[in-house]
Amino acid sequence: MNVTLKVWRQKDSKSKGHFETYKLNDLNPDMSFLEMLDVLNEKLIHEDKIPVEFDSDCREGICGQCGLTINGRPNGHHHHTTTCQMHMRHFEDGDTILVEPLRASAFTVIKDLKVDRSAMDRIMQAGGFISVHTGSAPDANSLPIGKMDAEDAFDSAACIGCGTCIATCKNSSAALFTSAKITQLATLPQGEIEREKRVVAMVDAMDAEGFGSCTNTEACEMECPQEISVTNIARMNFEYNRALLLGKK
Amino acid sequence: MLNAKIPEGPLEKKWKNYQEHCKLVNPANKKKLDVIVIGTGLSGAPAAATLGELGYNVKVFFFQDTARRAHSVAAQGGINASKNYQNDGDNVFRHFYDTLKGGDFRSREANTYRLAEISANVIDQAVAQGVPFAREYGGVLANRSFGGVQVKRTFYAQGQTGQQMLLGAYSVLMRQIGLGHVKSYNRHEMLELVVIDGKARGIIARNLITGEIERHSAHAVILASGGYGKIYYLSTLAIGSNASAAWKAHRKGAFMAGVSWVQFHPTCLPQSGDYQSKLTLMSEALRNDGRIWVPKLKGDDRFPNDIPEEERDYYLERKYPAFGNLAPRDIASRSAKEQIDAGKGVGPNKNAVYLDFRDAIKEYGAEEIGDRYGNLFRMYEKITGMSPYKQPMMISPAAHFTMGGLWVDYELMTTIPGLYAIGEANFSDHGANRLGANSLLQASVDGYFIVPVTIGNYLSNDIRTGKIPTDTPEFDKAEEDAVERLKKFVSINGTKSAEYYHKQLGKIMFQHVGVSRSKKGIAKGIELIKELREDFWQNLKVPGGIYEVNSELEKAGRVADFLELAELMAHDAYDRDESCGAHFREEYQTEDGEALRNDEKYMYVSAWEYTGYGKVPKLHKEELTFEVVKPSVRSYK
């Protein structure tokens with residue numbers, strides 16, 4: 001198949017970006033979207049041009065490092081997928097495809113399609129953990145946890161930290177990402193002790209990093225590769241209000 | 001002479017003895033000591049966090065954008081721990097024995113025993129962090145049997161155990177970073193190890209955003225940089241996984257051991273074209289109900305469903321009637337390659353075998369099979385566009401885990417004092433083959449519980465040393481070397497990309513130092529590697545410059561190191577005239593085609609010393625003595 005690409009090129013975080021047009025012919029529909037970009041880069045290297053910078057690592061949908069805006073939508077037109085799991089067979093022969101970085105107010109473009117998502121790490125540093133140090137853990141079975149609670153916690157914990165939810169949101173809100181961790185740890189008895197402190201610290205960090213507010217459009221859930229539910233956001237709001245009522249802020 | 005520094009006493013008391021007698025650093029002195037950790041996978045993140053908790057000044061370096069990306073995240077199956085929660089007769093000794101036997105008696109008794117001994121603590125630690133392992137209705141932890149062992153000792157979190165274990169470690173690391181005990185350097189790559197007076201004292205790193213070259217000193221350096229299976233280009237590993245940190249240490253004097261021992265996973269998706277960048281792993285669980293076959297007729301192009309029963313060769317069931325399709329990973333991988341090499345491979349590229357669910361669907365119904373494997377079938381269909389409900393899956397073996405790595409002693413210290421290697425980066429516990437669900441365990445045990453203790457024994461001598469300065473001739477030289485190499489890459493200005501060389505190298509390695517090897521084949525491989533390496537330094541093309549974001553420059557550095565490591569792997573495979581574990585030498589097999597081990601001559605760990613670029617490495621032998629266990633012969637007939 002043949003496609004025309006319009007790819008966002010930006011030299012560094014301080015420069016202005018623009019679209020460049022590239023044509024690729026004889027692509028195999030079985031190749032992944034990122035492998036198609038590999039082919040483009042190989043071509044650019046041969047033409048003495050600078051290849052397109054983009055991030056990826058595991059290429060099996062679990063590490064969260066890839067992520068592109070394809071035709072205006074994070075990870076393309078399929079719901080619940082990472083960019084590495086998009087394949088060319090999902091496009092038509094002759095298509096023109098617009099490729100941009102993940103866009104969000106708190107994400108800076110580093111170069112071309114690479115973005116800085118370290119603000120997400122800083123939210124985690126504020127409280128996305130249980131304060132337990134190595135060696136101090138009691139026997140794992142000393143704290144029974146209901147099967148359903150464990151499964152609910154897993155569903156929240158499955159977040160891969162890719163930033164799709166943030167890039168999809170018209171407000172660039174990190175609510176789904178932040179709430180998934182808050183919910184996981186609030187669901188488990190191990191997380192109970194720091195429950196109020198955690199939600200307040202993480203929500204404050206989210207605001208300090210410049211992420212927008214959640215206005216409940218639920219677009220994040222539609223696109224999340226791990227299908228993290230917006231009920232996590234409801235839980236976060238509950239936990240936050242509860243902490244305020246208990247005078248923990 | 002290599003000294004593994006195994007503590008005195010009976011097997012079950014060695015670790016206790018060590019801990020009772022090793023030297024300690026008092027809390028006030030820990031503040032004066034700096035430690036560098038390379039990598040944030042399931043050994044690096046725990047090591048950095050735990051050392052931070054203890055009060056050391058820690059710097060952690062990794063090439064990804066955040067610590068949570070490290071490739072431990074992709075481990076699916078589970079993590080072993082001999083807690084005996086199932087009351088099925090499990091205990092530390094059995095776990096130790098299964099690991100030793102799985103490794104075909106090519107690992108140290110003392111290290112392997114310690115792995116099993118500490119396993120229970122890892123589960124406790126993970127649960128305390130909030131890792132949501134699978135549970136029973138009563139609220140206790142669930143276990144399953146994995147990798148052909150007879151007890152249920154594997155803990156799991158759906159098919160994402162690695163992700164959940166890693167995120168647990170990431171969370172405690174984030175806490176230490178937030179508290180200021182650990183400083184994190186994301187998008188940084190280690191380019192050189194700095195050795196001063198024979199001791200590891202720091203690194204040269206490149207900031208992958210600005211391209212700046214940085215000097216970082218420390219009293220000790222820990223490499224937790226993972227395995228090097230990506231040397232085969234097509235593998236189950238992440239695109240960025242590499243051997244560079246380990247190789248740089250090797251060049252500075254750290255021995256590498258058992259480097260040719262690589263586990264190939266039999267159930268991966270086959271390569272569909274030259275553009276392919278990785279081979280996705282499909283869980284081994286599929287072999288519980290799927291039947292593996294190839295057409296009896298060479299080059300049979302018919303649609304699989306049209307090939308009648310009597311013209312199919314269910315070769316695993318035929319050759320290994322007792323285990324059939326559940327034969328161990330190395331046997332399943334080797335048998336698949338034999339069929340493919342014999343011209344019976346299937347698919348458009350004739351590089352796969354069928355894994356067929358037709359009979360299972362007939363017996364249990366599509367719904368039941370969907371309940372068991374639905375998510376895997378969806379994943380397969382997502383990638384290939386074909387439904388396993390309607391036609392057999394196509395699978396092929398791919399490089400997965402490297403048992404070999406930097407040689408370490410009982411304290412996980414390499415042959416360079418003050419340089420430690422943990423997790424997949426070292427060679428230690430798995431011998432010649434790794435037992436399923438032991439890799440997450442080994443990484444965790446090394447990072448949480450071993451290196452934070454053993455490093456104190458070494459650092460106790462450094463409490464009066466003071467800060468290590470970075471304006472020394474050793475740092476000057478290391479930085480110069482690093483920069484010179486980068487300049488070389490961008491100045492060759494040839495015609496071929498780093499990716500091209502990596503792909504070529506992968507083909508050579510798969511063919512000559514892959515699933516099965518022969519003396520003649522390996523010798524040919526060495527020749528081809530040398531030719532390719534020469535070509536690389538003549539015709540490589542790296543666009544762009546050094547002081548900017550430049551992925552091609554990063555790739556070139558990694559491929560250059562792979563091109564050297566490849567030759568060492570070949571030497572290691574060439575030297576070992578026996579078949580053991582994942583190392584299958586065609587000359588050494590029984591009449592039935594089974595691996596033939598040679599305990600009389602090869603009951604040792606091959607530890608290789610670097611002797612110079614392109615020179616034949618020097619072999620050192622660490623003899624293995626088995627005091628408790630008597631090595632037996634593996635049979636799956």
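Residues numbered from 1 in each chain as written. Chains lettered and ligands numbered in written order. Predicted model: local features only at pLDDT ≥ 70, side-chain atom pairs only at ≥ 80, totals over all residues. Heavy atoms only, no water.

So, the nonpolar core
Residues F211(A), F133(B) and L565(B) are the most contacted members of the largest nonpolar core, which totals 187 residues. The leading source of residues in this core is helix α16 (residues 551–575) of chain B, at twelve residues. Apart from residues no more than four positions distant in its own chain, F211(A) is found in contact with A106(A), F107(A), A119(A), M120(A), I123(A), I166(A), S172(A), A174(A) and M206(A). Core analysis: the next-biggest nonpolar cluster, separate from the first, contains 33 residues, W293(B), Y314(B), L355(B) and L376(B) among them. (Core = buried A, V, L, I, M, F, W, Y, C linked by side-chain atoms within 4.5 Å. Buried < 20%, exposed > 50% of the residue type's maximum accessible area, 1.4 Å probe, protein only. Helix = DSSP H or I, 4+ residues; strand = E, 2+ residues; numbered from the N terminus. Contact = heavy atoms within 4.5 Å.)

Thoughts on the sheet that holds strand β4 (residues 73–74) of chain A
Residue and element names in this part refer to chain A. Taking strand neighbours across the sheet as the criterion, the five strands line up as β2-β1-β5-β3-β4 in an open arrangement whose pairing is mixed. Where the open sheet ends on each side, the last strands, each with one partner, are β2 (18–24) and β4. With seven bridges joining them, strand β1 (residues 3–9) and β2 adopt antiparallel strand pairing. For W8, the partnering residue across the bridge sits in β2 and is F19. (Pairing = 2+ DSSP bridges.)

Remarks on the sheet that holds strand β10 (residues 256–257) of chain B
Residue and element names in this part refer to chain B. Strand order in the open sheet formed by four strands is β16-β10-β18-β19, and the pairing between neighbours is antiparallel. Taken across any chain shown, the strands that pair with only one partner, and hence form the sheet edges, are β16 (405–406) and β19 (618–623). As defined by bridge partners, β10 adjoins β16 across two bridges and the pair is classed as antiparallel. Residue pairing for β16: A257 is matched across the bridge by G405. Across the sheet, α16 lies against β10, β18 (604–609) and β19, angled at about 145° from β18, the strand it touches most. (Axes fitted to C-alpha atoms, helices over the stretch in contact; angles between N-to-C directions.)

Observations concerning the domain arrangement of chain A
Residue and element names in this part refer to chain A. Domain annotation of chain A identifies domain 1 (3–111) and domain 2 (118–245). Distance from the C-alpha centre of domain 1 to the C-alpha centre of domain 2: 29 Å. Listed per partner, the contact involves 19 residues of domain 1 and 21 residues of domain 2. Here domain 1 meets domain 2 over a buried area of about 1400 Å², counting both sides, of which 57% is carbon and sulfur. Summed over the three residues of domain 1 that lose the most area to domain 2, namely P74, H80 and F107, the buried surface amounts to 36% of that side. One can count one salt bridge joining domain 1 with domain 2. For the salt bridge of R73 with E223, the shortest nitrogen-to-oxygen distance reads 2.9 Å. (Domains from an automatic or database assignment. Buried area = accessible area lost by both parts, 1.4 Å probe. Salt bridge = Lys/Arg side-chain N within 4 Å of Asp/Glu carboxyl O.)

Description of the layout of surface pockets
Residues and elements named next belong to chain B. The calculated volume of the second largest pocket comes to roughly 700 Å³. Along the wall of the second largest pocket there are 27 residues; nearest its centre are L234, Q271, N351, K507 and F510. Where the lining of the second largest pocket is concerned, the elements lending two or more residues are α9 (329–344), β15 (393–402) and α14 (498–512). Top element by residues in the lining of the second largest pocket is α14. It accounts for eight residues. Across the lining of the second largest pocket, the residue classes tally to ten nonpolar, ten polar and seven charged. (1 Å grid on protein atoms, 1.4 Å probe; cavity = no way out; pocket = protein on both sides within 12 Å on 5 of 7 lines; lining within 4 Å. Points joined across faces, edges and corners; volume = space filled by probe spheres on them. Nonpolar A, V, L, I, M, F, W, Y, C, P; charged D, E, K, R; others polar.)

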